[in-house]
Amino acid sequence: MRAQVAIIGAGPAGLLLGQLLYKAGIDAVILEQRTPEYVLGRIRAGVLEQGTVDILDLAGVSERLHAHALTHDGVEIGASGHRHRIAFKDLVGKVVTVYGQTEVTRDLMDARAACGAPSIYEAESVEVHDITSARPSVTFTHQGAKRRLECDFIAGCDGYHGVSRRSIPVEALSVFERTYPFGWLGVLADVPPAWDELIYADSERGFALASMRSETRVRCYVQCSLEDKVEQWSDERFWAEFKLRVGEDVASRMHIGPSIEKSIAPLRSFVAEPMRYGQLFLAGDAAHIVPPTGAKGLNLAASDVFYLYEALTGYYKAESRAALDHYSERALRRVWQAVRFSWWMTSLLHRFPGEDPFSSRIRASELQYLFASEAAQRTLAENYVGLPL
Ligand code: FAD
Ligand code: DHB
């Protein structure tokens, strides 16, 4: 089997790259270790930057998004029993789009199926070979048979636990990491949201986020201990805790319902540099992870993919390697901006176990400054809606 580009991973990064390349007439095969149902069952991000929507437009997969997604002009930040609106549109003239990662993935899967481009699901034991040569390949086992995919380039879009980054010699990679001493417990429920815009709430009991997927479905999170297990959190316990954190007015008017998904995610910042080794290019969570505060993970995956798409089209259409050689540096510049912003939002809005009184005062003072200063609000807004591609 041969393709110009072998894509490892059919998450949003791999599927989006596949679709952009298909539209450009570059053939790619996607190898995914899980089933399509498993990939669609993972409930993750919910907020898209305008730049991400533009890339989905370019890929020709945004019809359903434009018909069903919600547009938000701002968010609310809650602290000390009050809420303050950060008015994106007024402050920086941009908005964000609320549309779940599951829906983005479904649209991309449908588009790939419609154009007949090849995806191999349940590809086991994926391994990359000869990545520093001009003729790399990927081997895998499918339905019991060992297969080899020969290619010009490999796109490692296989997430944090994937094989691509681990195939790069450790001495060729620099890794930067920060773990946070808490996780997020998330619940999805079919009830109408009692909030018009997302609420990021700091409270004495810890952080909470009120989000949504549609006019009839909410996604809510509470900061939890890293030791917590999902089974310890009944729906009743979750909603009681969420109400205590989100603020009395919202708590008194909100609807609750049975969870249709409940999961705990640890929070971490992680960057591996460079994002290229020979003919292997990393994109999305394969190269970097951000804590979810700030909603940057999926958006970064989309911007990496856009840069990689431009680099590959530069090579195939204009016979130029310049953008391929520049890919890692270009992507990392944007990655670090999002790493910084997500770290800052996380530090501002979470109670750290054992936080010393000085740190508490600094955090409280930063929140006061944010609420009082239009300059500070503009900085938050500029980063939240997404820095330019
Ligand atoms: P992934 O979505 O991880 O996709 C990688 C794909 O590669 C997967 O389908 C995987 O099965 C496949 N794969 C892995 N290994 C192999 C292999 N060896 N061979 C073949 N295929 C392989 N971001 C936000 O902005 N907001 C959020 O609320 C949010 N919540 C999150 C919650 C969790 C639990 C996690 C893990 C992430 C969350 N994120 C969130 C981050 C966001 O979902 C990711 O940034 C986004 O999924 C990145 O897309 P990706 O395609 O790079 O990676
Ligand atoms: C959602 C997740 C986030 O991490 C975030 O910052 C905003 C929204 C969500 O799942 O809806």
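For clarity, every value in this text was computed on a predicted model and none was experimentally measured. (Residues numbered from 1 in each chain as written. Chains lettered and ligands numbered in written order. Predicted model: local features only at pLDDT ≥ 70, side-chain atom pairs only at ≥ 80, totals over all residues. Heavy atoms only, no water.)

J.: For this particular structure, what's the right way to read the nonpolar core?
T.: Soluble globular proteins tend to bury their nonpolar side chains together. Residues Val5, Ile7, Leu16, Leu17, Leu21 and Ile154 are the most contacted members of the largest nonpolar core, which totals 80 residues. A per-element tally of this core places helix α9 (residues 297–318) first, with 12 residues. With residues up to four places along the chain from it excluded, the contact list for Val5 reads Leu21, Ile26, Asp27, Ala28, Val29, Cys151, Phe153, Ala155, Leu312 and Tyr316. The next biggest cluster of nonpolar side chains, apart from the first, holds 55 residues, and it includes Leu91, Cys220, Trp344 and Met345. (Core = buried A, V, L, I, M, F, W, Y, C linked by side-chain atoms within 4.5 Å. Buried < 20%, exposed > 50% of the residue type's maximum accessible area, 1.4 Å probe, protein only. Helix = DSSP H or I, 4+ residues; strand = E, 2+ residues; numbered from the N terminus. Contact = heavy atoms within 4.5 Å.)

J.: What is the right way to look at the UniProt feature "domain: FAD-binding" (unreviewed entry) in the protein in this model?
T.: Under the UniProt annotation, the feature "domain: FAD-binding" (unreviewed entry) is placed at residues 3–342. Here residues 3–342 runs as 34% helix and 32% strand, with 37 Å between its end C-alpha atoms. (UniProt positions renumbered as here; feature names shortened; annotations may be inferred.)

J.: Can you help me understand the site of ligand 1 in this one?
T.: Near ligand 1 you find 28 residues, and of these Ala13, Glu32, Arg42, Gln101 and Asp285 are the closest. A distance of 3.2 Å is found between a nitrogen atom of ligand 1 and a backbone nitrogen or oxygen belonging to Gln33. The separation between an oxygen atom of ligand 1 and a polar side-chain atom of Arg44 is 3.0 Å. Out of a free accessible area of 990 Å², ligand 1 has 85% covered by protein chains. Its residues assigned to classes, the shell around ligand 1 shows 13 nonpolar, eight polar and seven charged. (Near = heavy atom within 4 Å. Polar contact = N/O pair within 3.5 Å; in protein donor to acceptor, adjacent residues only side chain to side chain. Areas by Shrake-Rupley, 256 points an atom, 1.4 Å probe, with all protein chains shown as cover. Nonpolar A, V, L, I, M, F, W, Y, C, P; charged D, E, K, R; others polar.)

J.: How should I be thinking about the packing of helix α1 (residues 12–23) against α9 in this particular structure?
T.: When two helices pack together, their arrangement is given by the angle between the helix axes and by the axis-to-axis distance. Running from amino to carboxyl end, α1 crosses α9 at an angle of 30°, the nearest separation of the two axes being 9 Å. Note on packing geometry: the crossing formed by α1 with α9 is right-handed. Residues Pro12, Ala13, Leu16, Leu17, Leu20 and Leu21 of α1 pack against Leu298, Ala301, Ala302, Val305, Leu308, Tyr309 and Leu312 of α9. A per-class count over the contact of α1 with α9 returns 13 nonpolar, no polar and no charged. (Axes fitted to C-alpha atoms, helices over the stretch in contact; angles between N-to-C directions. Left-handed = near helix turned anticlockwise from the far one by under 90°.)

J.: For this particular structure, what's the right way to read the pattern of salt bridges?
T.: Opposite charge on two side chains allows them to pair when their charged atoms are near. Overall, the coordinates contain 23 salt bridges when judged by the stated rule. Between Arg64 and Glu103 there is a salt bridge whose closest N-O contact spans 2.8 Å. Taken together, the residues span a long stretch of sequence, with Arg64 in helix α4 (residues 63–68) and Glu103 in helix α6 (residues 101–115) at a distance of 39 residues. A relative accessible area of 32% places Arg64 in the partly exposed class. The partner of Arg83 in a salt bridge is Asp249, with the nearest N and O atoms 2.9 Å apart. Pair noted here: Arg83 is in strand β6 (residues 82–87) and Asp249 is in helix α8 (residues 248–253), with a separation of 166 residues, a long-range link. Given a relative accessible area of 26%, Arg83 falls into the partly exposed group. Three or more residues are tied together by salt bridges with common partners; here these are Arg64, Glu103, Arg106 and Asp107. (Salt bridge = Lys/Arg side-chain N within 4 Å of Asp/Glu carboxyl O.)

J.: Help me out: how do you make sense of the packing of helix α3 (residues 50–58) against α9 in this one?
T.: The N-to-C vectors of α3 and α9 enclose an angle of 50°; their axes lie 9 Å apart at closest approach. Regarding the angle of α3 to α9, the classification is oblique. Of the two possible hands of crossing, α3 and α9 adopt the one that is left-handed. Contact residues: Thr52, Ile55 and Leu58 in α3; Asn299, Ala302, Ser303, Phe306 and Tyr309 in α9. Looking at the contact of α3 with α9, its residues break down into five nonpolar, three polar and no charged. (Parallel < 35°, antiparallel > 145°, perpendicular 65-115°, else oblique.)

J.: Teacher, can you tell me more about the side chain of Glu32 here?
T.: Relative to the helices and strands, Glu32 is located in the loop between β2 (28–31) and α2 (36–41). Here Glu32 is buried and forms no salt bridge, its nearest opposite-charge partner Arg42 lying at an N-O distance of 5.2 Å. Of the polar contacts made by the side chain of Glu32, one reaches the backbone nitrogen of Ala10; its length is 2.7 Å. (Lys, Arg positive; Asp, Glu negative; His and termini not counted.)

J.: Would you take a moment to explain the environment of Gln101 for this structure?
T.: Looking at where Gln101 falls in the secondary structure, it is placed in helix α6. Considered as a pair, Gln101 and Gly46 are 55 residues apart in the sequence and their alpha carbons are 5.9 Å apart. Excluding residues that lie within four positions of it along the chain, Gln101 makes contacts with Pro12, Arg44, Ala45 and Leu298.

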